[in-house]
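Descriptive structure summary
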Amino acid sequence: ARMSSARLPGKMLKMLGNMTLIDRVYSNLKKTEGVSKIIVATSEDDTDLPLVNHCYKNKINCYRGSLKDVASRYLQISQAEHEAAFVRISGDSPIIDSELVGQLIREYKEGCFDLVTNVHERTYPKGQSVEVFSTKIFTESYPLFNTPDHFEHVSSYYYENADAFNIKNIRSGGYYNDINLSIDTPEDYKRLEILALEYGESLSSWRDSANKYSELFINV
């Protein structure tokens, strides 16, 4: 999570209904089975100080690292926590489905995977992206990252070199690529604000959110 989005500055602390974006993500993830700790991974840049202060005020674990080398934040946190695996969730996904996150965690635990994901290929809506990494494999792979995309998007090195990794991709059973449940732009924010005001806390799953989104913004 970061505050310096070029298209929607300060979005992490924008209100969506009665909660900020970051609080909605955190609240949803607290319901997830199999998660030992939730940490907001942000940057040392001055622009992220309001987010850091918000986290401290609300007793949310927060780590500050490199602004541009996002992957290094995950590397340093995972090593400090001494956990076998970590889950990556984007801070601009306020309707992230805790059951979906839990499903991918179970898939990871039941197999012997380097990465369990639902974006290789994407069949879930944007804003429902979940990636579960082996800390050991991520630690070994990080020194091989060599493009800005690898450092910014964390998992792109895996997908570019998929034959070198044991990757399991979870599919939705359909194609929801035209549904955007994340917030990247002012237009995205307005749509999810309408969705939150229209349906409030009644949204029970990613599929329910996608269907309601489609009713409001696509089938018109």
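Placed above this text is the structure.
All of these numbers come straight from a predicted model, not from anything done at the bench.

**Digging into the layout of surface pockets**
- Size it by volume and the second largest pocket reaches roughly 360 Å³.
- Elements with a contribution of two residues or more to the lining of the second largest pocket: helix H1 (21-29), helix H4 (98-110), helix H8 (186-199) and helix H9 (206-217).
- Here the element with the most residues in the lining of the second largest pocket is H1; it accounts for 3 residues.
- Among the residues making up the lining of the second largest pocket, the classes are represented as 9 nonpolar, 7 polar and 5 charged.

**Let's talk about helix H2 (residues 49-57)**
- When we look at burial in H2, the residues that qualify are Leu 51, Val 52, His 54 and Cys 55. Within H2, the buried residues cover an arc of 160° as seen down the axis, which keeps them to one side. Exposed and facing more than 90 degrees away from the buried side of H2 are Tyr 56 and Lys 57.
- On its buried face, H2 is in contact with strand E2 (19-20), H1, strand E3 (39-43) and strand E4 (61-65).

**Digging into the side chain of Asp 69**
- With respect to the element layout, Asp 69 can be found in the loop between E4 and helix H3 (70-81).
- Lacking a salt bridge, the buried Asp 69 has Arg 73 as its closest oppositely charged neighbour, with an N-O distance of 7.6 Å.
- In this structure, Asp 69 is in contact with Tyr 142 and Phe 151, ignoring residues within four places of it in sequence.

**Comments concerning the pattern of salt bridges**
- Counting across every chain of the model gives 9 salt bridges.
- For Asp 184, the salt bridge is made with Lys 11, and the minimal N-O distance between the two is 3.8 Å. Residue Asp 184 is found in the loop between strand E8 (167-169) and H8, and its partner Lys 11 is found in the segment before strand E1 (15-16); the two are separated by 173 residues along the sequence.
- Using a relative accessible area of 10% as the deciding quantity, one classes Asp 184 as buried.
- In this structure Lys 11 comes out as buried when scored by relative accessible area, which is 7%.

**Brief notes about the environment of Thr 123**
- Position of Thr 123 relative to the elements: it lies in the loop between strand E6 (115-117) and strand E7 (131-134).
- Under the relative-accessibility criterion, Thr 123 is labelled buried at 0%.
- Separated by 47 residues in the primary sequence, Thr 123 and Ile 170 have C-alpha atoms spaced 8.6 Å apart.
- Setting aside chain neighbours within four positions, we find Thr 123 in contact with Asn 118, Ile 170, Arg 171, Ser 172, Gly 174, Tyr 175, Tyr 176 and Asn 177.
- From its side chain, Thr 123 meets the backbone nitrogen of Ser 172 in a polar contact 2.9 Å long.

**Thoughts on the environment of Ser 155**
- Tracing the chain through its elements places Ser 155 in the loop between helix H6 (148-153) and helix H7 (156-160).
- In this structure, the C-alpha to C-alpha distance between Ser 155 and Trp 206, residues 51 residues apart in sequence, is 22 Å.
- Contact partners of Ser 155, with chain neighbours within four places excluded, come to Arg 88, Glu 131 and Phe 133.
- Among the polar contacts listed, one links the side chain of Ser 155 to the side chain of Glu 131, at a separation of 2.6 Å.

The rules behind the values
Residues numbered from 1 in each chain as written. Predicted model: local features only at pLDDT ≥ 70, side-chain atom pairs only at ≥ 80, totals over all residues. Heavy atoms only, no water. 1 Å grid on protein atoms, 1.4 Å probe; cavity = no way out; pocket = protein on both sides within 12 Å on 5 of 7 lines; lining within 4 Å. Points joined across faces, edges and corners; volume = space filled by probe spheres on them. Helix = DSSP H or I, 4+ residues; strand = E, 2+ residues; numbered from the N terminus. Nonpolar A, V, L, I, M, F, W, Y, C, P; charged D, E, K, R; others polar. Buried < 20%, exposed > 50% of the residue type's maximum accessible area, 1.4 Å probe, protein only. Arc of directions from axis to C-beta. Contact = heavy atoms within 4.5 Å. Lys, Arg positive; Asp, Glu negative; His and termini not counted. Salt bridge = Lys/Arg side-chain N within 4 Å of Asp/Glu carboxyl O. Polar contact = N/O pair within 3.5 Å; in protein donor to acceptor, adjacent residues only side chain to side chain.

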